[in-house]
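For reference, the chains in residue letters:
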Amino acid sequence: MAATGLLVEIGDRLRLRREALGLTQKEAAKLLEMSETFYGEIERGNRRLSIERMILVHERMDVSLTWLLSGETPVMIPEGVIRQMPEERTEQIERLFRLLAKLYE
């Protein structure tokens, strides 16, 4: 399979997370229960992660699937804010948090 833009981007994000964790490709492959060769192909964008492997990446490498797939950081609204929020304003408040998060990108 030839590398596509999306697969290359996912591979780049996976590599960034692996490096942030201080793991080698061999260590990351073992953590995700795959061969080192297959893992390297994923980082290069030549192979795709199965849904099961994406879940392992999420659980074992503490990666947001939103970030892995799109590069966007999910907005986390503090629990106390949600409880105090008028229901009819929820969508507006969520939009505000997304805009604030973009300021920090």
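Numbers given for residues are sequential positions, taken from 1 along each chain in its written order. Only residues with pLDDT of at least 70 get local features here, since the model is predicted, and only at 80 or more are side-chain atom pairs given and counted; chain-wide, interface and lining totals rely on the full set of residues. Where side-chain values are given, they derive from all heavy atoms of the structure, hydrogens and water being excluded.

*Asks:* Is there a simple way to explain the pattern of salt bridges in this structure?
*Replies:* Think of it this way: side chains of opposite charge can pair up when their charged atoms draw near. Basic side-chain nitrogens of Lys or Arg form a salt bridge, by our definition, when they fall within 4 Å of a carboxyl oxygen of Asp or Glu. Counting across every chain of the model gives four salt bridges. With a shortest N-O distance of 2.8 Å, E33 and R60 are connected by a salt bridge. Within this pair, whereas E33 is found in the loop between α2 (25-31) and α3 (36-43), its partner R60 is found in helix α4 (residues 51-61), the two being separated by 27 residues in sequence. Going along the chain from the N terminus, every DSSP run of H or I of four or more residues is numbered as a helix, and every run of E of two or more is numbered as a strand.

*Asks:* Would you take a moment to explain helix α1 (residues 5-20) for this structure?
*Replies:* Every α-helical turn comprises 3.6 residues, leaving residues that sit three or four positions apart pointing alike. Across its 16 residues, α1 extends 23 Å between first and last C-alpha, which sits within 8% of the 22 Å expected from 1.5 Å per residue. Three labels apply to residues, based on accessible area from a 1.4 Å probe with only protein chains included: buried if under 20% of the type maximum, exposed if over 50%, partly exposed otherwise in between. Within α1 the residues assigned to the buried category are L7, I10, G11, R13, L14 and R18. Considered in projection along α1, the buried side chains sweep an arc of 160° and stay on one side of the axis. Next to the buried residues of α1 lie α2, α3, α4 and α5 (65-70). In the segment just after α1, G22 is the residue with positive phi, at about 75°. To estimate the expected span of a helix, subtract one from its residue number and multiply by 1.5 Å. Within this analysis, the arc is defined by the directions that extend from the helix axis to the C-beta atoms. Contact definition: two residues touch when any of their heavy atoms are within 4.5 Å.

*Asks:* How should I be thinking about the nonpolar core in this particular structure?
*Replies:* As a rule of thumb, nonpolar side chains are buried together in soluble globular proteins. Among the nonpolar cores identified, the biggest contains 15 residues, and L14, L32, M34, Y39, L49, V57 and L68 are the most heavily contacted of them. Of all the elements in the fold, those that place two or more residues in this core are α1, α2, α3 and α4. At four residues, α4 tops the list of elements feeding residues into this core. What we call a nonpolar core is a set of buried Ala, Val, Leu, Ile, Met, Phe, Trp, Tyr and Cys residues that are connected through their side-chain atoms within 4.5 Å.

*Asks:* Looking at this model, I keep getting lost on the environment of A29. Mind explaining?
*Replies:* Along the chain, A29 falls in helix α2. Taking the relative accessible area as the measure of exposure, A29 reaches 1% and is therefore buried. Taking C-alpha positions, A29 is 5.6 Å from Y39, a pair spaced 10 residues apart along the chain. Contacts of A29, omitting those with residues within four sequence positions, involve M34, S35, E36 and Y39.

*Asks:* What exactly am I supposed to notice about α4 here?
*Replies:* Of all the positions in α4, only M54, L56, V57 and M61 are classed as buried. Down the axis of α4, the buried side of the element spans an arc of 155°, and every buried residue falls inside it. In this structure, α4 carries I51, E52 and E59 as exposed residues pointing more than 90 degrees from its buried face. Two residues or fewer past α4, D62 is found with a positive phi of approximately 50°.

*Asks:* Sorry, what's going on with the environment of H58 here?
*Replies:* Note that H58 resides in helix α4. Look at H58 and you get partly exposed, because its relative accessible area is 38%. Sequence spacing of H58 and L68 is 10 residues, and the spatial spacing of their C-alpha atoms is 8.8 Å. Look past the residues within four positions of H58 in its chain and what remains in contact with it is V63, S64 and L65.

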